[in-house]
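Descriptive analysis of the structure
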Amino acid sequence: MIERDDPARESVGAACRRVLLTAQPQAKLMAARQVARDWRLGRLAHRFDAAMPDRPAWPERPELLPPNRMPKRGKAGSERARIAMLHALAHIEFIAIDLAFDMVGRFGGRFPRAFTDDWLRVGADEAMHFALLDRRLRQLGSHYGALPAHGGLWEAAEETAHDALARLAIVPMVLEARALDITPTTIERFTEAGDLPSAKMLERIMTDEIRHVHFGTKWFEEGTKRLGVSAPNHYQNLVNRHFRGRLKPPFNDSARDQAGLTREYYLPLAY
C-alpha cells in the first residue's frame, strides 16, 4: 500500500490541471469524477506543484459569443426556448467544472486540507449537473454544443486569478448566489410548460448550489478572519473592484441565508 506522504503519488494540483486541460465534455466529466474519487480515497497527495493554465481546454462546439450576439431564446414556454435555457445552463455547469478544479489547484495550498475536500466535492457536483442537463437536452432532441454559448463565463476566473478571497467573493458569493435568485422562476416556467422532468432536475441542482454558496462564504470568512478584517466589508470592496455587473434585487434571501450569505453582505451593494 502506498504511504500517504509518498512523493511518488500524483499531487492533487497536477490532477486538477489534468481536468482543466481536458477539452471534450464527456472526457472532462469523467476526469472530474475520477479526481474527486481519487482524492476521497486518499490516492492523491496534498501538494500543489502544478501551475494552473490561464484558460482551460474547451471543445470546438459550442461556438462562444459575446452576450450581445447571443440569439434570442424564442417565445417563453416553447420547447425551443426551454432547450435554449437548458443549453445555457449546461454551459454554465461545464465552465463551473473548471472553476471548481481551478479553485483547488490555484488556491488549495493557502487553506487547510478541508478546503480541497469542499471544492473537489463542488467539482464532482458540477460534473453531475452537466451530465443531467446534457442528458435532458438529448431527451429533447438536442445536445450540448448544438447552440452558441456565452463566451464570457471564464472572465471572473481571469479577473480573480491572483486573489483567493476575490475568487470566493465573485464566483460562489456573487455568480452562484445569483443563480439562487433566478432559478425558482426558471423552475416555475418549466412547470407551467408541463416540463416536470426539467423542473425537478433544476430543483435538485439548486439544492446543491446552496451548499456551494455556503462553501464560498465559509472559506471567505475563514480567510478574512486570518486577515483580521470584516468579512462583509471586504466582500463589498472586492465586488466593487472585480465584478463588472451589478447586484440587483429581488434576492432569494431564504436560500442565501441557508448558505450563510446574509443580507449584511449584499444589500449595501444592491441598486
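What counts and what doesn't
- Residues numbered from 1 in each chain as written.
- Predicted model: local features only at pLDDT ≥ 70, side-chain atom pairs only at ≥ 80, totals over all residues.
- Heavy atoms only, no water.
- Helix = DSSP H or I, 4+ residues; strand = E, 2+ residues; numbered from the N terminus.
- Contact = heavy atoms within 4.5 Å.
- Expected span 1.5 Å × (residues − 1).
- Bend = angle between axes of the 7 residues up to and from the residue.
- Polar contact = N/O pair within 3.5 Å; in protein donor to acceptor, adjacent residues only side chain to side chain.
- 1 Å grid on protein atoms, 1.4 Å probe; cavity = no way out; pocket = protein on both sides within 12 Å on 5 of 7 lines; lining within 4 Å.
- Points joined across faces, edges and corners; volume = space filled by probe spheres on them.
- Nonpolar A, V, L, I, M, F, W, Y, C, P; charged D, E, K, R; others polar.
- Salt bridge = Lys/Arg side-chain N within 4 Å of Asp/Glu carboxyl O.
- Buried < 20%, exposed > 50% of the residue type's maximum accessible area, 1.4 Å probe, protein only.

Right, let's talk about the overall build of the protein chain for a bit. A count of helices and strands for the protein chain gives 10 helices and two strands. Overall, the protein chain shows an N-to-C arrangement of helices and strands of α-α-β-α-α-β-α-α-α-α-α-α. Principal axes of the C-alpha set define a box for the protein chain whose edges measure 55 × 45 × 30 Å. Contacts in the protein chain between residues far apart in sequence, at least 24 positions, make up 79% of those at least 6 positions apart.

So, on to helix α6 (residues 164-192). Owing to its 3.6 residues per turn, the α-helix aligns residues three or four sequence positions apart on the same side. Between its terminal C-alpha atoms α6 stretches 41 Å, which fits the 42 Å expected from 29 residues at 1.5 Å a residue. Along α6, the largest kink reaches about 40° and is centred on I182; proline P184 follows within four residues of it. Its side-chain oxygen 2.9 Å from the backbone nitrogen of L165, D163 forms the N-cap of α6. Looking one or two residues beyond α6, the residue adopting positive phi is G194, at roughly 80°.

Right, let's get into empty space enclosed by the protein. The final tally for this structure, using the stated rule, is one cavity of 30 Å³ or more. The residue inventory of the lining of the largest cavity, partitioned by class, reads five nonpolar, four polar and no charged.

The subject of this paragraph is the pattern of salt bridges. On inspection of all chains with the given rule, the structure shows 19 salt bridges. In this structure, the salt-bridge partner of D195 is R82, at a minimum N-O distance of 2.8 Å. Linking D195 in the loop between α6 and α7 (196-227) with R82 in helix α3 (residues 79-107), this pair joins segments that are 113 residues apart in sequence. D134 is the partner of R138 in a salt bridge, and the nearest nitrogen-oxygen pair spans 3.1 Å. Note that R138 and D134 are positioned in helix α4 (residues 113-139) at a spacing of four residues, about one turn of the helix. Overall, the relative accessible area of 52% leaves R138 in the exposed class.

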